[in-house]
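What follows is the residue order along each chain.
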Amino acid sequence: MQKNILIIGACGQIGTELTFTLREKHGSDIIIASDIREGNENLMDSGPFELLDATDYDALEEVVAYYEIDEVYLMAAMLSATAEKFPMRAWNLNMNSLFNVLNLAKEKKISKIFWPSSIAVFGPNTPRDNTPQNTIMEPSTVYGISKQSGERWCEYYHNKFGVDVRSIRYPGLISWKTMPGGGTTDYAVEIYHKALSDKTYTSFLRTDTTLPMMFMDDAIRATLELMESDPDKIKVRSAYNIAAMSFTPSEVAESITVQIPEFEITYEPDSRQAIADSWPSSIDDSEARKDWGWRSEFDLERTTNEMLQNLRK
Ligand code: AKB
């Protein structure tokens, strides 16, 4: 039987690339992109698209029935920095969209879900270096609280109702196709754009702020590898730690100056600094490696090469 896939939040930073990759893999017709607003031309031209508010259960159920959807990737979320400004809107979007999708699976209207968690589930009392899969989790941000609650609900729906929901704690994601929006790790994308356009960048995080990061190709591969894994291999039904690299703003600036020697970085930390300070500096991803064979491929040097090369085009 053909398995139709719905991507919610398809116009965002991860959603766009996930849509392109899944369409290349399975053909455009069976990958239904959806978002609350239309995306860029490339995405809109690449296959079926539905305007959809994922907090509206009836609208979601209608799209799922119409396209005979079997799998859902729920990528819509309000990220850390914006969520601090609009706590109730963030909670409403991040939680209600998840409940809607979990309930569709509970009612057997879909059979598999991917929902992204984040390193934001950790907080200031979490061990910062090589943060383990299971440890103290006391997130101090609105976004982190929603992601941690989401993880608990995913595990609950799996244990109680047999829902096949799978999740990853994404680190900061670096990509060139679509800009991120409203996150704390966004500086690591903006810096490449500014390095090429202005030869200078003002970082909103301090020079020495180390955060876990990943190039988008690794993140998409991780997502698809987890989704394609045999269910018996998936021992964690909250969300898996995954890791690729950790760096500071000054380290990414240094890697850019190898190719753009005149590039300069300055620092003006803002409210996002406190969010970054509450997060881990590196992540232990041994459970994901052991359970479903996860391995990252992109380090900082390779990421910088990919970013500058593609943005120059
Ligand atoms: C953010 O900065 O809010 C996100 C994340 C780490 O989940 N990129």
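Calculation rules
- Each chain carries its own residue numbering, running from 1 in the direction its sequence is written.
- At least 70 in pLDDT is required for a residue's local features to be given in this predicted model, at least 80 for side-chain atom pairs to be given and counted, and no such filter applies to totals for whole chains, interfaces and linings, which use all residues.
- Each side-chain value is derived from all of the structure's non-hydrogen atoms; neither hydrogens nor water enter the calculation.
- Only a single heavy atom is needed: when it lies within 4 Å of a molecule or strand, its residue is near that molecule or strand.
- Two N or O atoms count as a polar contact when they lie within 3.5 Å, although within protein this holds only if one can serve as hydrogen donor and the other as acceptor, and sequence-adjacent residues are included solely when both atoms are side-chain atoms.
- Here the Shrake-Rupley method, with its probe set to 1.4 Å, supplies the accessible areas, and only the displayed protein chains count as covering residues.
- DSSP calls a pair of strands paired once it identifies at least 2 bridges connecting them.
- A run of DSSP states H or I qualifies as a helix once it reaches four residues; a run of E qualifies as a strand once it reaches two. Both are numbered from the N-terminal end.
- Lines are fitted to the C-alpha atoms to define the axes, a helix being fitted only along its stretch in contact, and any angle between axes, read from their N-to-C directions, falls within 0 to 180 degrees.
- Here roughly perpendicular refers to angles of 65 to 115 degrees, roughly parallel to angles under 35, roughly antiparallel to angles over 145, and oblique to all remaining angles.
- Note: crossing handedness is left-handed where the near helix turns anticlockwise from the far helix by less than a right angle, and right-handed where it turns clockwise.
- What makes two residues a contact is simply this: any of their non-hydrogen atoms within 4.5 Å.
- For our purposes a nonpolar core is just a set of buried Ala, Val, Leu, Ile, Met, Phe, Trp, Tyr and Cys residues, chained together by side-chain atoms within 4.5 Å.
- Relative accessibility thresholds used throughout: buried, under 20% of the residue-type maximum; exposed, over 50%; partly exposed, between the two (1.4 Å probe, protein chains only).
- The patch calculation keeps residues exceeding 30% relative accessible area without a salt bridge and links them within 9 Å when they carry like charges or within 5 Å when they are nonpolar (Val, Leu, Ile, Met, Phe, Trp, Tyr).
- By convention in these notes, a salt bridge is any Lys or Arg side-chain nitrogen within 4 Å of a carboxyl oxygen on Asp or Glu.

S.K.: Help me out: how do you make sense of the site of the ligand in this one?
M.R.: Around the ligand, the structure places L79, S80, S118, I119, Y143, G183, T184, T185 and W279. One nitrogen or oxygen atom from the side chain of Y143 is found 2.8 Å from an oxygen atom belonging to the ligand. One nitrogen or oxygen atom from the main chain of T184 is found 2.7 Å from an oxygen atom belonging to the ligand. Contact with the protein chains hides 94% of the accessible area of the ligand, taken as 260 Å² for the molecule alone.

S.K.: Can you walk me through the sheet that holds strand 12 (residues 240-241) in this structure?
M.R.: Backbone hydrogen bonds hold the strands of a sheet together, and the pairing may be parallel or antiparallel. The sheet built from three strands is open, its strands ordered 6-8-12 with parallel pairing. Edge positions in the open sheet fall to strand 6 (117-118) and strand 12, since each of these has one partner strand only. Where strand 6 lies against strand 8 (residues 168-170), two bridges are found, and the strand directions are parallel. When the sheet's bridge partners are listed, S117 is paired in strand 8 with R169.

S.K.: I would appreciate a short explanation of the sheet that holds strand 13 (residues 245-247) in the present structure.
M.R.: Across the sheet, which stays open at both edges, the three strands sit in the order 9-11-13 with mixed pairing between neighbours. Edge positions in the sheet fall to strand 9 (172-174) and strand 13, since each has one partner strand and no second. Direction aside, the axes of adjacent strands within the sheet are offset by 45° on average.

S.K.: Please clarify how the packing of helix 1 (residues 13-26) against helix 8 (residues 216-228) should be interpreted in this entry.
M.R.: Each pair of packed helices can be described by the angle between their axes along with the distance between the axes. Between helix 1 and helix 8, whose axes approach to 10 Å, the crossing angle comes to 60°. It follows from the interaxial angle that helix 1 and helix 8 lie oblique. Crossing geometry of helix 1 relative to helix 8 is assigned as right-handed. Contacts from Q13, I14, E17, L18, T21, L22 and K25 of helix 1 reach helix 8 at M216, D217, I220, T223, L224 and E228.

S.K.: Explain the nonpolar core to me, please; I cannot follow it from the model alone.
M.R.: Across soluble globular proteins, you tend to see nonpolar side chains buried next to one another. In this structure, Y187, Y192 and F247 are the most contacted members of the largest nonpolar core, which totals 38 residues. Mapped onto this core, the elements with two or more residues apiece are helix 6 (142-161), helix 7 (187-197), strand 11 (211-215), strand 13, helix 9 (249-257), helix 10 (272-277) and helix 12 (300-312). Look past the residues within four positions of Y192 in its chain and what remains in contact with it is I174, V252, S255, I256, L300, T303, T304, M307, L308 and L311. In this structure, C11, L22, A33 and M214 belong to the second largest nonpolar core, which totals 34 residues.

S.K.: Explain the pairing of strand 4 (residues 69-74) to me, please; I cannot follow it from the model alone.
M.R.: Across a regular strand the side chains alternate sides, sitting on one face of the sheet and then on the other. With six of six residues buried, strand 4 lies mostly within the body of the structure. Sheet topology places strand 4 next to strand 5 (residues 112-114); three bridges connect them, and they run parallel. Counterpart to Y73 in the pairing with strand 5 is F114.

S.K.: Any chance you could explain a nonpolar patch on the surface here in plain terms?
M.R.: A surface patch of nonpolar side chains, about 320 Å² in accessible area, is lined by M88, W91 and I145. Of note, M88 is situated in helix 5 (residues 87-106). Under the relative-accessibility criterion, M88 is labelled exposed at 64%.

Geometric descriptors of this kind do not, in isolation, establish any biological role.
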